[in-house]
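What follows is each chain in one-letter form.
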Amino acid sequence: MKKIFILFAVVLIGFASCADSRQSMTITVTNPLALERVGEMVEVPMSDVVAKLKLADTAQIVVLDVDGQQVPYQVTYDEKVVFPATVEANGTAVYTIQPGTPAPFDVVACGKYYPERLDDVAWENDLGGFRAYGPALQARGERGFGYDLFTKYNTTEPVLEGMYAEELNQEKRTKIAELKKTDPEAASELQKAISYHIDHGYGMDCYAVGPTLGGGTAALMAGDTIIYPYCYRTQEILDNGPLRFTVKLEFNPLVVRRDSNVVETRVISLDAGSYLNKTIVSYTNLKEAMPVTTGLVLREPDGATVADAANGYITYVDPTTDRSGANGKIFVGAAFPAQVKEAKVVLFSEMEKKERGGADGHVLAISEYEPGSEYTYYWGSAWDKAAIKTPDAWNKYMAEYAQKLRAPLAVVY
């Protein structure tokens with residue numbers, strides 16, 4: 001009888017063990033670099049989670065750290081579970097995915113389409129904001145080719161929607177128009193109070209784009225000539241938080257060399273905790289290989305730049321639209337997971353300088369685009385009124401970011 005009981009107990013233990021293995025999924029994240037990785041997003045296909053945990057369609061999951069504490073996560077448009085992992089230098093970290101009710105997560109990375117502001121698409125995370133210009137701006141004849149930047153500090157919460165609401169407030173704009181007739185000083189003060197070009201204690205738009213590549217736009221090149229993209233034609237927001245914002249932009253057809261109807265598509269993603277946007281660029285109907293470049297506009301011919309092809313990043317310290325220094329400095333940069341063919345500063349001729357709205361040139365990183373492929377790179381910015389205070393600190397961040405791109409976290413489950 002005792003033997004039967006022991007056998008029965010062993011069967012129960014084995015059954016419980018199998019049940020536990022079906023109800024949890026261990027994720028081991030390994031860092032191959034001698035750099036700590038803090039809050040870096042890792043991805044696990046949702047299909048693998050469903051299969052491993054044998055989940056029903058309506059089941060919910062939680063992600064837990066080694067201490068059993070819930071970790072924020074998001075299921076993205078392309079069916080990936082993404083969550084921030086922190087891994088020591090040359091170390092590993094273990095996370096668990098299992099069925100459960102997730103705690104509410106703060107929305108950190110998000111964005112919106114603004115038809116009321118000439119079709120802007122604007123997005124942000126806890127560290128900064130960005131925007132791409134749309135067809136209404138192009139129809140009006142304004143030449144905004146590149147990405148624009150919004151600085152951010154003193155808050156990690158979303159602020160762009162509120163900034164747009166004030167900037168576009170029709171009641172206050174009507175009041176400004178009335179005051180201009182009777183009290184220009186009051187009109188000016190009210191204009192400043194609603195403008196996102198003024199710092200109200202949490203950030204502002206003090207970056208100039210114009211007919212340039214702005215803060216990190218990509219473009220094909222014919223020889224040494226940049227084929228500037230214009231504003232996007234269509235937009236589709238694919239992810240809208242809490243941890244990742246993703247938008248797909250499609251552009252009007254171009255004639256490139258002998259290829260007509262070349263259509264550019266961009267998929268731009270911004271994760272919580274990152275200063276840089278991941279961007280995947282592709283060109284349909286392009287039949288021959290061409291150089292593709294990523295550029296940062298220069299607003300001074302002798303500005304502080306880095307163009308490091310070997311280590312895969314470029315940077316520039318932008319003086320902002322207020323050259324007095326009141327708005328500080330904006331650090332801009334781009335990083336590349338694949339080998340860069342060439343990185344350099346290219347200054348405009350006096351004629352081209354006039355065509356480019358007074359800009360002085362670009363810092364360019366040049367690669368080769370093969371038809372049918374995807375060009376992936378990362379671009380973004382920081383502000384010296386926030387956490388990154390110096391060019392050296394920004395260059396260190398960018399150099400390490402490029403290292404991380406070329407030695408990604410390994411995820412095993």
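Keep in mind that what you see is a predicted model, and the values were worked out from it rather than measured. (Residues numbered from 1 in each chain as written. Predicted model: local features only at pLDDT ≥ 70, side-chain atom pairs only at ≥ 80, totals over all residues. Heavy atoms only, no water.)

With 16 residues, helix 8 (residues 391-406) should cover 22 Å at 1.5 Å per step; its first-to-last C-alpha distance of 23 Å lies within 8% of that length. Regarding helix 8, the residues found buried are Trp394, Asn395, Met398, Glu400, Tyr401, Ala402, Lys404 and Leu405. Where the residues of helix 8 are buried, they touch strand 2 (37-45), strand 18 (276-284), strand 20 (305-308), strand 21 (313-318), strand 22 (330-335) and strand 25 (375-383). (Helix = DSSP H or I, 4+ residues; strand = E, 2+ residues; numbered from the N terminus. Expected span 1.5 Å × (residues − 1). Buried < 20%, exposed > 50% of the residue type's maximum accessible area, 1.4 Å probe, protein only. Contact = heavy atoms within 4.5 Å.)

This next bit is on the domain arrangement of the protein. Looking at the assigned domains, one finds that the protein contains domain 1 (25-104) and domain 2 (110-157 + 201-408). Centre-to-centre, using C-alpha coordinates, domain 1 lies 30 Å away from domain 2. Counting residues at the interface gives 17 residues for domain 1, matched by 16 residues for domain 2. Between domain 1 and domain 2, the buried area comes to about 1,300 Å², and carbon and sulfur atoms account for 59% of it. If you sort the residues of domain 1 by the area they bury against domain 2, Met41, Gln74 and Tyr77 come out on top, with a joint share of 43%. (Domains from an automatic or database assignment. Buried area = accessible area lost by both parts, 1.4 Å probe.)

What follows covers the packing of aromatic side chains. Under the criterion given, the structure shown has 23 aromatic pairs. For the pair Trp123 and Phe130, a centre-to-centre distance of 6.3 Å together with 35 degrees between the ring planes defines the contact as tilted. Judged by relative accessible area, which is 1%, Phe130 ranks as buried. On the basis of an interplanar angle of 75 degrees and a centroid distance of 4.9 Å, the ring pair of Tyr153 and Trp383 is categorised as edge-to-face. One end of the pair, Tyr153, is in the loop between strand 11 (148-150) and helix 4 (160-167); the other, Trp383, is in strand 25, with 230 residues separating them in the sequence. Taking relative accessible area as the criterion, Tyr153 reaches 15% and is therefore assigned buried. Judged by its relative accessible area of 2%, Trp383 falls in the buried class. Aromatic ring contacts, followed pair by pair, group Tyr275, Phe331, Tyr378, Trp394, Tyr397 and Tyr401 into a single cluster. The ring of Tyr228 is capped by Arg356, whose NZ or CZ atom sits 3.9 Å from the centre of that ring. (Phe/Tyr/Trp six-rings, centres within 6.5 Å; stacked < 30°, edge-to-face > 60°. Lys NZ or Arg CZ within 6 Å of the ring centre and 35° of its normal.)

Attention now moves to the sheet that holds strand 19 (residues 290-298). If you walk across this open sheet you meet the five strands as 13-12-19-24-23, and the pairing is antiparallel. Looking at which strands have only one partner, the edges of the open sheet turn out to be strand 13 (225-226) and strand 23 (342-347). For strand 23 and strand 24 (residues 361-369), the ladder comprises six bridges, and the chain directions are antiparallel. Among the inter-strand pairings, Glu342 is bridged to a residue of strand 24, identified as Ile366. (Pairing = 2+ DSSP bridges.)

Read across the sheet, four strands follow the order 8-9-10-11 without closing on themselves; strand pairing throughout is antiparallel. Looking at which strands have only one partner, the edges of the open sheet turn out to be strand 8 (110-114) and strand 11. Mean inter-strand twist for the sheet, computed between neighbouring axes without regard to direction, equals 20 degrees. On top of the sheet, helix 4 reaches strand 8, strand 9 (120-124), strand 10 (129-132) and strand 11; it is set at about 140 degrees to strand 9, its chief contact. (Axes fitted to C-alpha atoms, helices over the stretch in contact; angles between N-to-C directions.)

On to the pattern of salt bridges, then. In this structure the tally under the stated criterion is 24 salt bridges. Its salt-bridge partner being Glu368, residue Lys341 comes within 4.0 Å of it at the nearest N-O pair. Linking Lys341 in the loop between strand 22 and strand 23 with Glu368 in strand 24, this pair joins segments that are 27 residues apart in sequence. The exposure class assigned to Glu368 is partly exposed, which follows from its relative accessible area of 39%. One salt bridge in this structure joins Asp360 and Lys353, with 2.9 Å as the shortest N-O distance. Lys353 sits in the partly exposed class, given a relative accessible area of 25%. Linked through salt bridges whose partners overlap, the residues forming this network are Glu43, Asp78, Lys80, Arg244 and Asp271. (Salt bridge = Lys/Arg side-chain N within 4 Å of Asp/Glu carboxyl O.)

This brings us to the side chain of Arg299. Within the secondary structure, Arg299 is located in the loop between strand 19 and strand 20. Nearest to the buried, unbridged Arg299 among oppositely charged side chains is Asp318, at 5.1 Å. From its side chain, Arg299 meets the backbone oxygen of Ala208 in a polar contact 3.3 Å long. (Lys, Arg positive; Asp, Glu negative; His and termini not counted. Polar contact = N/O pair within 3.5 Å; in protein donor to acceptor, adjacent residues only side chain to side chain.)

Below, the discussion takes up the pairing of strand 21. Strand 21 sits mainly inside the fold: six of its six residues count as buried. Burial along strand 21 is two-sided: the residues Tyr313, Thr315 and Val317 and Ile314, Tyr316 and Asp318 are all buried. Note that strand 20 and strand 21 share four bridges and pair antiparallel. Note that in strand 21 the partner of Thr305 across the bridge is Tyr316. The loop that links strand 20 with its antiparallel partner strand 21 comprises four residues; one of these, Gly312, has a positive phi angle of about 80 degrees. Across six bridges, strand 21 lies against strand 22 in antiparallel orientation. For Tyr313, the partnering residue across the bridge sits in strand 22 and is Ala335.

Looking at the element boundaries, Asp239 is found in strand 14 (residues 232-240). With 130 residues separating them along the chain, Asp239 and Ala109 place their C-alpha atoms 9.2 Å apart. Excluding its chain neighbours within four sequence positions, the residues that come into contact with Asp239 are Gln74, Thr76, Tyr77, Arg244, Phe245 and Thr246. In this structure the side chain of Asp239 is engaged in a polar contact, spanning 2.9 Å, whose partner is the side chain of Thr246.

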